[in-house]
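# Coordinates in review
Residue strings, one per chain:
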Amino acid sequence: MNKTAQIKKNHQFIKFRKLVIVSVLIGFLSAFLGISLKRITEYYEEIFFHEVSVNPVFYIIFPVFGLSVIYFLRQYLFKKKENKGIKEVFESTGSKSKNLPSYKIPSHFINGLLTVIFGGSTGIEVSTVVATATIGSVAHEKENVFRQYKTELICAGVAAGVTALFSSPIAGILFALEVISRKVTRAFIISNLIAVSVAFGLLTILKEQPLFAVSIVTWHLKAIPYFILLGILAGMNSVYLTRCVLFFKSQFGKIDTHYYKIIIGSAVLSISLFIFPQLYGEGYHAIKTSFIAPNQIMTLTLALTFLGILLLKPIVTSITLASGGDGGVFAPSLFIGAFLGLLLASVLNTFFQVHVIPVNFMIIGMAAVLSASIHAPFTAIFLVCGLTNDYTLFFPILVVCLISKYTAKTIYPYTVYSYSPSLIK
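Residues numbered from 1 in each chain as written. Predicted model: local features only at pLDDT ≥ 70, side-chain atom pairs only at ≥ 80, totals over all residues. Heavy atoms only, no water.

## Description of a nonpolar patch on the surface
On the surface, a cluster of nonpolar side chains totalling about 650 Å² of accessible area is made up of Phe72, Tyr76, Tyr259, Tyr260, Ile263 and Ile264. Looking at which element gives the most residues to the nonpolar patch, the answer is helix α10 (residues 258–275), with four residues. On the secondary structure map, Tyr260 appears in helix α10. (Patch = residues over 30% accessible without salt bridge, like charges linked within 9 Å, V, L, I, M, F, W, Y side chains within 5 Å. Areas by Shrake-Rupley, 256 points an atom, 1.4 Å probe, with all protein chains shown as cover. Salt bridge = Lys/Arg side-chain N within 4 Å of Asp/Glu carboxyl O. Helix = DSSP H or I, 4+ residues; strand = E, 2+ residues; numbered from the N terminus.)

## Remarks on helix α15 (residues 377–388)
Helix length check: α15, at 12 residues, gives a terminal C-alpha distance of 17 Å against a target of 16 Å (1.5 Å per residue), a fit within 8%. Among the residues of α15, Pro377, Thr379, Ala380, Ile381, Phe382, Leu383, Val384, Cys385, Gly386, Leu387 and Thr388 are the ones counted as buried. The elements touched by buried residues of α15 are α6 (150–166), α7 (169–181), α13 (330–351), α14 (358–374) and α16 (394–411). Backbone geometry just downstream of α15 places Asn389 in the positive-phi region, at approximately 55 degrees. (Expected span 1.5 Å × (residues − 1). Buried < 20%, exposed > 50% of the residue type's maximum accessible area, 1.4 Å probe, protein only. Contact = heavy atoms within 4.5 Å.)

## Looking at the packing of helix α2 (residues 58–76) against helix α4 (residues 104–117)
Running from N to C, α2 and α4 cross one another at 165 degrees; their axes reach a closest spacing of 9 Å. In terms of orientation, α2 lies roughly antiparallel with respect to α4. Handedness of the α2/α4 crossing: left-handed. Along its contact with α2, which presents Val69, Ile70, Leu73 and Arg74, the element α4 presents Ile110, Asn111, Leu114 and Thr115. A per-class count over the contact of α2 with α4 returns five nonpolar, two polar and one charged. (Axes fitted to C-alpha atoms, helices over the stretch in contact; angles between N-to-C directions. Parallel < 35°, antiparallel > 145°, perpendicular 65-115°, else oblique. Left-handed = near helix turned anticlockwise from the far one by under 90°. Nonpolar A, V, L, I, M, F, W, Y, C, P; charged D, E, K, R; others polar.)

## A few points about the packing of aromatic side chains
Tallying each qualifying case throughout the model produces 26 aromatic pairs. Grouped by ring-pair contacts, the aromatic residues Tyr43, Tyr44, Phe48, Phe58, Phe62, Phe65 and Phe118 constitute a single cluster. (Phe/Tyr/Trp six-rings, centres within 6.5 Å; stacked < 30°, edge-to-face > 60°.)

## Thoughts on the pattern of salt bridges
Within this structure, the stated rule accounts for five salt bridges. Note that Arg39 and Glu208 form a salt bridge whose closest N and O atoms lie 2.5 Å from each other. Of this pair, Arg39 sits in helix α1 (residues 2–54) while Glu208 sits in the loop between α8 (186–205) and α9 (224–252), and the two are 169 residues apart along the sequence. Judged by its relative accessible area of 39%, Arg39 is partly exposed. Residue classification places Glu208 among the buried positions, given a relative accessible area of 17%. Across the pair Asp326 and Arg74 runs a salt bridge, and its minimum N-O distance is 3.7 Å. Residue Asp326 is located in the loop between α12 (300–322) and α13, and its partner Arg74 is located in helix α2; the two are separated by 252 residues in the primary sequence. Accessibility expressed as a relative area gives 3% for Asp326, which makes it buried.

## Quick look at the side chain of Asn192
Here Asn192 shows up in helix α8. Accessibility expressed as a relative area gives 0% for Asn192, which makes it buried. One polar contact links the side chain of Asn192 to the main-chain carbonyl oxygen of Glu152, over a distance of 3.5 Å. Here the side chain of Asn192 touches Phe188 through a polar contact of 2.9 Å, landing on its backbone oxygen. Residues in contact with Asn192, not counting those within four places in the same chain, are Glu152, Cys155, Ala156, Ala159, Ile173 and Ala176. (Polar contact = N/O pair within 3.5 Å; in protein donor to acceptor, adjacent residues only side chain to side chain.)

Keep in mind these values describe shape, not function.
Okay, here's the thing in structure tokens:
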């Protein structure tokens with residue numbers, strides 16, 4: 001009896017040791033991929049955005065060129081398979097037989113990069129999530145002992161990738177839990193904690209800076225009613241984004257010739273970017289500029305600019321994705337939230353003299369729209385706090401994220417991840 005127990009104990013120890021080793025590897029590779037994609041995208045997006053600012057003819061050339069290159073790469077390099085975003089990860093975790101093929105790593109890395117640097121109005125976050133999920137999926141196939149840990153290892157890759165992008169290990173784990181796994185096991189805790197620790201260690205060694213260098217001093221209790229209003233508006237805006245993505249995906253799906261999709265998509269993109277350059281790529285450049293001078297008097301021109309951006313961003317993002325671009329709703333949600341918060345704060349300060357702090361509204365807005373778009377409030381809280389490396393606004397962000405999520409869920413119960421045509425009768 002003792003001998004059997006000892007053999008079982010040894011077997012469990014070997015299994016545990018292998019899980020630790022594979023989690024370290026997944027964490028390192030996923031973080032390396034995430035950091036590389038982020039740095040390369042930032043570098044080239046800045047160069048190309050400068051080019052279009054100097055020579056507006058590139059507003060016409062870049063979108064059609066980027067979408068065409070992505071199409072030809074898919075046709076001749078990536079097995080004629082369209083990237084379906086995070087839904088691919090759900091399909092894999094929901095099936096024992098369906099695994100993420102290894103070509104998804106270069107496919108999402110390259111296509112995500114090309115989409116954003118050539119002006120596609122989305123972000124690299126979903127490309128990173130699927131590529132790093134694939135690292136976990138490929139690892140689980142390597143040894144029989146890992147077969148039972150498929151979801152846990154996919155989540156470890158995703159958690160490390162999100163950590164690398166947003167400098168927040170807690171956001172990485174929460175995203176893997178709230179969006180991908182939806183359940184906690186012992187193996188999930190071990191693999192994900194190790195993966196995000198390795199990812200955060202790599203960030204520290206490489207001295208990665210927070211995406212937004214912003215100074216948050218304080219927040220005031222008198223602003224709470226306006227924060228609640230921001231939460232409700234954020235929920236409504238996230239539903240508008242979700243419905244736009246689903247609508248344009250459905251409409252473009254009816255077009256048989258892919259190059260027609262590219263022509264229509266790049267035409268809409270070129271015109272929109274020319275009118276509102278803030279919509280170029282991820283749009284983080286526009287958020288950073290707004291952080292520098294947030295205290296703006298609301299004029300008619302500024303109000304129309306903000307409203308135009310908020311109305312057009314979901315449409316341009318949706319058309320970028322529907323015409324073949326690679327990405328998702330992460331960066332667009334942060335962008336919409338920042339400008340929604342800034343618009344609300346500017347209106348309150350200009351017309352109602354309430355003297356709220358615009359930067360606070362921008363940051364809370366970013367978290368609120370993201371929370372409502374992906375129905376993951378706790379991911380949104382830690383992700384935005386990680387982006388700014390500041391937890392001063394933790395309590396108002398928590399409240400507003402919960403309000404925005406439940407507002408969105410009340411209006412429309414699906415996200416772009418959870419929606420399926422079969423759900424609607």
